[in-house]
Amino acid sequence: MSTAAKTQWSFGESHGRFESPDLLLVTFRGTLDVEGAKQVVEMYREAASRGPVFVLVDLTGSGVEPAARTHLAQNVSPDWFHAMVGYGAGFAQKAVLKSLVIGASLFGKAAMELEFVTTEAEGRAAIERRRGRLRAKVA
């Protein structure tokens, strides 16, 4: 299977799955270390090889080590994403993800759209609304 055709990833207790046409579902569990962050960057890069993606991320029971946060901020490109929608996040996870988005902008990268919701269903609905706005811009 070529890299561009890859649709599933696994890293530690976490995993990702691509759903056509442009949705990456990610479930983070446990604490992400630098090695895991490298795998996450590669997953995002591979998923976006088809074009920008929407990311729906389950953050329930997850955390990120400081060195992993730095790696993500320095190596994730906002150009890979239409938007990221997270659910299952507590205050700390929301703060970390927001700091990653801000960190990426400090490294000269464009800001990425980020939204938090309560459930996966709400996240899918938020992505559908964003898709509609994106289609309206293109039309």
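Being a predicted model, the structure only gives us computed values, none of them experimental.

How each quantity is defined
- Each residue is numbered by its place in its chain's sequence as written, counting from 1.
- Side-chain atom pairs in this predicted model are given and counted only at pLDDT of 80 or more, local residue features only at pLDDT of at least 70, and totals for whole chains, interfaces and linings cover all residues.
- Excluding hydrogens and water, the side-chain values take into account all heavy atoms of the structure.
- Segments assigned H or I by DSSP are reported as helices when at least four residues long, segments assigned E as strands when at least two residues long, and all are numbered from the N terminus.
- Ring pairs are drawn from Phe, Tyr and Trp, using the six-membered ring of Trp, whenever the two centres fall within 6.5 Å, and their geometry is named by plane angle: stacked under 30 degrees, edge-to-face over 60, tilted for the rest.
- For every residue, the accessible area (1.4 Å probe, protein chains only) is compared with the maximum for its type, and the residue is labelled buried under 20%, exposed over 50%, or partly exposed between those bounds.
- For every residue, the pLDDT score states the predictor's confidence, bounded by 0 at the bottom and 100 at the top.
- A pair of strands is considered paired only if DSSP assigns at least 2 bridges between the two.
- The span one expects for a helix is its residue count, reduced by one, times 1.5 Å.
- We define a polar contact as two N or O atoms separated by no more than 3.5 Å, with the added condition that, inside protein, one atom must be a possible hydrogen donor and the other a possible acceptor, whereas residues neighbouring each other in sequence contribute only through side-chain atom pairs.
- Throughout, a residue-residue contact means that at least one pair of heavy atoms, one from each residue, lies within 4.5 Å.
- A carboxyl oxygen of Asp or Glu within 4 Å of a side-chain nitrogen of Lys or Arg is what we treat as a salt bridge.

Some remarks on unusual backbone geometry
At step 1: The linkage connecting Ser20 with the following residue, Pro21, adopts the cis geometry, with an omega of 10 degrees.
At step 2: With respect to the element layout, Pro21 can be found in the loop between strand 2 (14-19) and strand 3 (23-27).

Focus: the packing of aromatic side chains
At step 1: Inspection of every chain in the model, using the stated rule, returns 3 aromatic pairs.
At step 2: An angle of 85 degrees between the planes, with centres 5.0 Å apart, marks the rings of Tyr44 and Phe81 as edge-to-face. Taken together, the positions of Tyr44 in helix 1 (residues 34-47) and Phe81 in strand 7 (residues 81-87) put the pair 37 residues apart, joining distant regions of the chain. As far as burial versus exposure is concerned, Tyr44 and Phe81 are alike and both buried.

Some words on the confidence of the model for the chain
At step 1: Looking at the chain as a whole, the pLDDT averages 88, with 89% of positions reaching at least 70.
At step 2: Looking over the chain, one finds the lowest element-wise mean pLDDT in helix 3 (residues 91-106), namely 77, and the highest in strand 3, namely 97.

Some points on the pairing of strand 3
At step 1: Burial of strand 3 is extensive: 5 of the 5 residues sit out of reach of the surface.
At step 2: Here strand 3 shows a buried face lined by Leu23, Leu25 and Thr27 and a second buried face lined by Leu24 and Val26.
At step 3: The turn linking strand 2 back onto strand 3 is made up of 3 residues.

Quick word on helix 1
At step 1: With 14 residues, helix 1 extends 20 Å from end C-alpha to end C-alpha; this agrees with the ideal 20 Å at 1.5 Å per step.
At step 2: Within helix 1 the residues assigned to the buried category are Gly36, Ala37, Val40, Val41, Met43, Tyr44, Glu46 and Ala47.
At step 3: For helix 1, the N-terminal capping position is held by Asp33, with its side-chain oxygen 3.3 Å away from the main-chain nitrogen of Glu35.

Here we look at the pairing of strand 1 (residues 8-11)
At step 1: By the alternation rule, side chains of strand 1 split into Trp9 and Phe11, which are all buried, and Gln8 and Ser10, of which none is buried.
At step 2: Here 4 bridges tie strand 1 to strand 2, and the two strands are oriented antiparallel to one another. Bridge pairing in strand 2 places Phe11 opposite Ser14.
At step 3: The loop that links strand 1 with its antiparallel partner strand 2 comprises 2 residues; one of these, Gly12, has a positive phi angle of about 60 degrees.

Re the environment of Gly88
At step 1: Mapped onto the fold, Gly88 is located in the loop between strand 7 and helix 3.
At step 2: In sequence terms Gly88 and Gly61 are 27 residues apart; their C-alpha atoms lie 7.9 Å from each other.
At step 3: Those residues in contact with Gly88, other than ones at most four positions away along the chain, are Asp58, Leu59, Thr60, Gln93, Val117 and Thr118.

Here's the deal with the pattern of salt bridges
Two side chains bearing opposite charge may form a pair once their charged atoms approach each other closely.
At step 1: On inspection of all chains with the given rule, the structure shows 10 salt bridges.
At step 2: One salt bridge in this structure joins Arg124 and Glu19, with 3.2 Å as the shortest N-O distance. Linking Arg124 in helix 4 (residues 120-138) with Glu19 in strand 2, this pair joins segments that are 105 residues apart in sequence.
At step 3: Judged by its relative accessible area of 30%, Arg124 is partly exposed.
At step 4: The shortest N-O distance in the salt bridge between Glu113 and Arg130 comes to 2.0 Å. With a gap of 17 residues between them, Glu113 in the loop between helix 3 and strand 8 (114-116) and Arg130 in helix 4 connect regions that are remote in the sequence.

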